[in-house]
Amino acid sequence: MTEAPTHNNNQKDGVDKLNETKNLVKGLFQKIQDHRLIPDSAKQQLQNLYEPFLKIALQAPNLFAFENHQSRVFLEAACHISIDWLEVEDKGNAYIKKLVKIIDAITAQDKYDNKAFIGFQADLEKSLVKLRKRSAILQKREKEKQIGQQKIARAKLDTEKLLSEKLSEFNTIPEFTQQILMNEWTLSLIHISEPTRQAEIS
C-alpha cells in the first residue's frame, strides 16, 4: 500500500491557515467599517492597519485566541477614542494627525512588539486629553466673550438712558450737540473689566 505524500498535505494546511487568518482579520476590520459611531475620517485611517494586523496575526497565532492581546486592546481603544473625539473641538484635525503617525509607526514594525502597542495606546489617549483641555479653554473664552458683550450692551443702554434724562433738563442745548454728548459720554462712561485670559493652549 502506497503512503500518501505529507508535503502536499502540509502545503494545503498552510494555505488553509493563511486564508482563515485573512478572513478573521477582514472580519475584524469590517466591523470597524460598519460601526455607525466611528467618524469616517478615523475609519479611513484605521483601515490602513489591515496589512499590519494580518502580519501580526501570522506572527502571533494567539491574536484571535485572546481578547486581551495588546494589539486588539489597542485597536478597540482607538475605536472608542475616535468616537469620543467627536465631542471635542479639533479644527486642525490634531487627533487624526496623531492617529496617522501611530499607524505609520505600527506599519514600520518588522516584528510585533507588545510594549510598543501599550505606548501607542497611551499616546492616543494623551492626545484626546490634550484636545479636551484645549476645547474647554476655547469654550470658556467664548463664553466669557459673550458675557462681556452682554454686559457692554446693558451698560450702554443704561448710560444712554441716564444721559437722555439729564440732557432733557436742558432745553437750550441744540439737538446735534446732545447727540455728540450722548455718543462721546456713552463711550467714556462704560467701563467694564473683562476677565483676564492668560490660559495658554498647550
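See the structure above.
Residues numbered from 1 in each chain as written. Predicted model: local features only at pLDDT ≥ 70, side-chain atom pairs only at ≥ 80, totals over all residues. Heavy atoms only, no water.

Trainee: Describe the overall build of the protein chain, listing the residues and the values that go with them.
Mentor: Within the protein chain, the secondary structure is distributed over seven helices and zero strands. The secondary structure elements of the protein chain, listed N-terminal to C-terminal, are α-α-α-α-α-α-α. Here the protein chain, with 202 residues, has 30% of them falling under the buried criterion. Within the protein chain, contacts between residues at least 6 apart in sequence are counted, and of these 70% link residues at least 24 apart. In the structure as shown, the protein chain presents an accessible area of about 14,300 Å², 52% of it carried by carbon and sulfur atoms. (Helix = DSSP H or I, 4+ residues; strand = E, 2+ residues; numbered from the N terminus. Buried < 20%, exposed > 50% of the residue type's maximum accessible area, 1.4 Å probe, protein only. Contact = heavy atoms within 4.5 Å. Areas by Shrake-Rupley, 256 points an atom, 1.4 Å probe, with all protein chains shown as cover.)

Trainee: Describe the nonpolar core, listing the residues and the values that go with them.
Mentor: Among the nonpolar cores identified, the biggest contains 34 residues, and Phe29, Leu46, Leu49, Phe74, Tyr95, Phe117 and Leu124 are the most heavily contacted of them. At the level of elements, helix H1 (6-34), helix H2 (40-46), helix H3 (50-59), helix H4 (70-85), helix H5 (94-107) and helix H6 (114-167) are the ones that each hand at least two residues to this core. If you tally residues by element for this core, the top one is H4, at seven residues. Residues contacting Phe29, with those up to four places away along its chain left out, are Leu46, Gln47, Leu49, Tyr50, Phe53 and Leu75. (Core = buried A, V, L, I, M, F, W, Y, C linked by side-chain atoms within 4.5 Å.)

Trainee: A description of the packing of H4 against H5 should follow, citing residues and the corresponding values.
Mentor: Two numbers describe how H4 lies on H5: the axes approach to 11 Å, and their chain directions differ by 165°. When the interaxial angle is binned, H4 and H5 end up roughly antiparallel. Crossing of H4 over H5 shows left-handed handedness. On H5, the residues that touch Phe74, Ala78, Ile81, Ser82 and Trp85 of H4 are Tyr95, Ile96, Ile102 and Ile106. A class-by-class count of the residues in the contact of H4 with H5 yields eight nonpolar, one polar and no charged. (Axes fitted to C-alpha atoms, helices over the stretch in contact; angles between N-to-C directions. Parallel < 35°, antiparallel > 145°, perpendicular 65-115°, else oblique. Left-handed = near helix turned anticlockwise from the far one by under 90°. Nonpolar A, V, L, I, M, F, W, Y, C, P; charged D, E, K, R; others polar.)

Trainee: Give a description of the side chain of Asp90 that names residues and reports values.
Mentor: When you line up the elements, Asp90 lands in the loop between H4 and H5. Look at Asp90 and you get buried, because its relative accessible area is 12%. At 2.9 Å, the side chain of Asp90 forms a polar contact with the backbone nitrogen of Ala94. Not counting chain neighbours up to four residues away, the residues in contact with Asp90 comprise Trp85, Tyr95 and Leu131. (Polar contact = N/O pair within 3.5 Å; in protein donor to acceptor, adjacent residues only side chain to side chain.)

Trainee: Can you tell me about the environment of Ser71, naming the residues and giving the values?
Mentor: In this structure, Ser71 sits in helix H4. Through-space distance from the C-alpha of Ser71 to that of Ala57 is 9.7 Å; in sequence the pair is 14 residues apart. Discounting chain neighbours no more than four positions away, the residues touching Ser71 are Phe53, Ile56, Leu63, Tyr112 and Phe117. At 2.8 Å, the side chain of Ser71 and the side chain of His69 are in polar contact.

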